[in-house]
Structure formats: C-alpha cells, structure tokens
Amino acid sequence: MKTYLPLVLFLGLGTFVSLPAAEVRFDNSNNKEVKVFLDGEHFTTYLYRYGQKPIFWPIYGPDHTAMTREYPMRDPNAKKFPFDSFDHIHHRSLWFTHGSVNGVDFWSEFSGSGFILHRKFVKLEAPVMVTRNDWMDRDENIVLEDERTMTFGADAQGRWIDFEICLMATRGEVKFGDTKEGSFGLRVPGVLDVDKKQGGKIVNAEGLVNADAWGKQSAWVDYHGTLNGKPAGIAIMNHPTSARFPTYWHVRTYGLFAANPFGVRDFTGDESQNGTLLLKKGESVTFKYRVYFHRGDQTSGNVAENFQQYAGKIDN
C-alpha cells in the first residue's frame with residue numbers, strides 16, 4: 001500500500017514551490033500495528049492493539065529524531081533518554097481519549113478506567129488510514145464509538161499526521177464532561193520540557209509563551225527546542241471546521257501537550273462556564289487536528305504558513 005504526495009517548500013509567507021513527490025507506504029504485516037514510511041524512511045507506527053488505547057509510537061521527525069517521549073513504551077532502565085521523566089504512565093506518545101465520558105475516565109490508566117478497543121480498519125490505502133473504535137467501560141459495555149481518519153504528509157520542513165475524529169453516540173446518550181483531563185494528547189521528549197531548562201519553549205498563535213499558553217484558546221500551539229543538537233519542534237493545529245474551534249489547550253511546561261475542547265471551567269477558572277457536550281443517540285461530533293513534526297522553531301519551521309495551508313487558506 002503506497003502512494004505519492006507532493007511536497008511543498010515555503011519561500012516566505014504564502015509562497016510555495018513544488019518539490020518531488022514523497023512516497024507513503026504502509027506495512028500491516030502483523031495484526032497489532034501498522035508501520036508508516038515516507039520515502040522509505042520509518043515515520044511512525046500505529047499501535048492499534050496496545051494497552052488501553054491505540055497510540056502512535058515511535059514517531060520520527062524529518063531528521064529521523066524521536067519526537068515523543070519514550071516512556072512507558074521503552075524500558076526506562078535503558079537510560080537512553082536522560083531528560084525523560086517517568087511520570088503519568090497514561091501519557092503514551094500520541095493518543096486521543098477524554099477524562100469523563102458518561103462518567104467513565106478514559107484519560108487515566110487505573111483499575112476503573114475505560115479502554116478504547118480497535119474494531120477494524122475501514123480503509124488502509126496510503127496515505128489514508130481509517131479506523132473504527134469502541135470506547136468501553138470496565139464491564140465491556142460500549143459507551144461511545146469513533147471513526148478516525150488519519151492522513152500522512154510532508155513538506156520541506158517536516159512531516160505531519162492529519163486527524164479527523166468523529167465521535168458517535170450509537171448506543172445511547174453520551175456526555176463529555178468538563179475536565180482538563182483530555183483529550184488529543186502528545187507527550188514531548190523530556191529534553192523539550194520547559195521545566196528541564198534545556199531550551200524548550202511553548203508558543204501559541206497569539207504569541208503567548210510557556211505557562212501563559214495553558215488554558216487559552218488558539219488555532220495552534222508549538223512546542224520546540226533542541227533535539228540531538230538540532231532545533232526542532234512539534235506543532236498541533238486545530239482546523240477551523242473542527243467542532244469548538246479554536247480549542248482550549250492543556251499544554252504544560254513539564255511536557256504534556258494536549259488540545260481539549262471540553263475543559264472550559266478548569267481552564268477559565270470561571271465556575272459559571274460549562275464545557276460539557278451532550279450527544280443524543282444517533283448524533284455525532286467531529287474534531288480535526290494536524291500534528292506537524294518540524295525542523296527549527298515556530299518561525300523557521302513555517303508553522304503559521306503550514307497552518308494556513310492546512311486550513312485551506314493557501315493552495316498548494
């Protein structure tokens with residue numbers, strides 16, 4: 001399964017030059033993971049029968065640098081990543097869950113937590129992967145279903161995964177509670193953590209920096225620093241047609257990086273606010289994100305320009 005997609009080079013705001021196409025290929029040779037390759041290089045692996053939820057890990061940037069924390073997937077005793085913290089075991093590379101769905105906690109990992117079970121692939125034709133998943137409580141009752149469409153791409157500065165996540169109340173009413181514990185999450189490598197004081201930095205589209213970006217609404221946020229001696233970063237973008245755009249951000253200086261459209265009360269500190277979302281049986285809601293793994297910081301990595309292209313405001 002492979003295809004070719006155009007690469008684009010940004011030459012100043014809004015200017016593009018086409019580059020030779022990149023090959024996207026999937027390897028689904030076993031029944032637990034799909035490896036994704038760009039031009040023959042391993043980009044990421046989708047672990048769809050792993051733990052309590054599907055995740056992407058590992059994820060490699062354009063210089064083949066690991067772009068998410070290795071713990072808890074890799075043995076912490078390996079000591080290969082000296083700045084990684086061994087906390088929050090549920091922060092597994094790149095994932096989508098929420099902390100309160102009909103009162104069930106799918107965000108954390110403890111004895112009473114819910115789990116997300118991969119049901120099937122609807123489509124697996126590079127560069128597009130579509131999955132169906134069941135959100136189940138500990139008694140294995142289906143609380144919620146989702147369909148995730150994931151598209152893989154690249155440009156001169158980086159690689160990305162586009163997510164379109166449709167949450168469907170197929171079995172009955174579904175209530176997403178107002179909590180900061182959610183939802184579209186990534187854990188950055190420890191060396192990028194702002195708190196580790198190795199040059200890590202958080203910047204949002206409005207220019208708010210580090211802790212000031214937490215709990216704010218923004219079209220995108222970038223978390224960058226130095227990886228293997230080179231400037232690099234990760235941007236998460238919220239598409240303008242996504243429900244509740246622009247999303248709130250649960251982005252922490254210790255390395256958690258999450259878009260959360262539900263945690264309004266926690267983020268604003270205003271008890272009169274309510275970010276709860278109620279879906280009646282048969283209803284659905286769709287959220288859209290791009291995760292962009294890039295060279296440089298938010299400026300040299302052309303994050304704002306990449307967002308414009310993602311949002312459809314610039315033709316490529």
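Before any of the text, the structure's been laid out above.
Summarised in this report is the structure supplied together with it. (Residues numbered from 1 in each chain as written. Predicted model: local features only at pLDDT ≥ 70, side-chain atom pairs only at ≥ 80, totals over all residues. Heavy atoms only, no water.)

Describing the environment of Thr97
For the record, the criterion: In this text, helices come from DSSP runs of H or I with a minimum length of four residues, and strands from runs of E with a minimum of two, each type numbered from the N-terminal end. Burial classes follow relative accessibility: with a 1.4 Å probe on protein chains only, a residue under 20% of its type's maximum area counts as buried, one over 50% as exposed, and anything between as partly exposed. Any two residues whose heavy atoms approach within 4.5 Å are treated as being in contact.
Counting through the fold element by element, Thr97 comes out in strand β6 (residues 94–98). Here Thr97 falls in the buried class, since its relative accessible area comes to 0%. Measuring from C-alpha to C-alpha, the distance between Thr97 and Leu47 comes to 15 Å, with 50 residues separating the pair along the chain. In this view, Thr97 contacts Lys53, Phe106, Trp107, Ile116, Trp135, Gly182 and Ser183; residues no more than four positions away in its chain are not counted.

Observations concerning the pattern of salt bridges
For clarity, the threshold we go by: A pair is scored as a salt bridge if a Lys or Arg side-chain nitrogen falls within 4 Å of a carboxyl oxygen belonging to Asp or Glu.
Applying the stated criterion across every chain, the model contains 18 salt bridges. Measuring nitrogen to oxygen at the nearest pair gives 4.0 Å for the salt bridge that ties Asp178 to Arg265. With Asp178 in the loop between β11 (174–176) and β12 (182–187) and Arg265 in helix α1 (residues 264–268), this pair connects stretches of sequence that are 87 residues apart. For Arg265, a relative accessible area of 23% translates into the label partly exposed. The network of salt bridges with shared partners includes Arg119, Arg132, Asp134, Glu145, Glu147 and Arg171.

Remarks on the packing of aromatic side chains
The geometry of an aromatic ring pair comes down to the distance between the two centres and the angle between the two planes. Operational definition: Working definition: rings of Phe, Tyr and Trp (its six-membered ring) pair if their centres are within 6.5 Å, and the pair is stacked with planes under 30 degrees apart, edge-to-face with planes over 60 apart, and tilted otherwise. Look at NZ for Lys and CZ for Arg. If either is within 6 Å of the ring centre and within 35 degrees of the ring normal, a charge sits over the ring.
Under the counting rule described, the total for this entry stands at 22 aromatic pairs. Consider the rings of Tyr48 and Phe121, whose centres lie 4.8 Å apart with planes at 85°: the pair is edge-to-face. Of this pair, Tyr48 sits in the loop between β4 (41–47) and β5 (55–59) while Phe121 sits in strand β7 (residues 115–125), and the two are 73 residues apart along the sequence. On the basis of relative accessibility, which here comes to 7%, the residue Tyr48 falls in the buried class. Measuring from ring centre to ring centre gives 5.8 Å for Tyr248 and Phe267, while their planes differ by 20°; the resulting arrangement is stacked. Taken together, the positions of Tyr248 in strand β16 (residues 248–251) and Phe267 in helix α1 put the pair 19 residues apart, joining distant regions of the chain. Side by side, Tyr248 and Phe267 carry an identical accessibility label, which is buried. Note that Arg290 overlies the ring of Trp160, its terminal NZ or CZ placed 4.1 Å from the centroid.

By themselves, these observations are geometric and do not establish any function.
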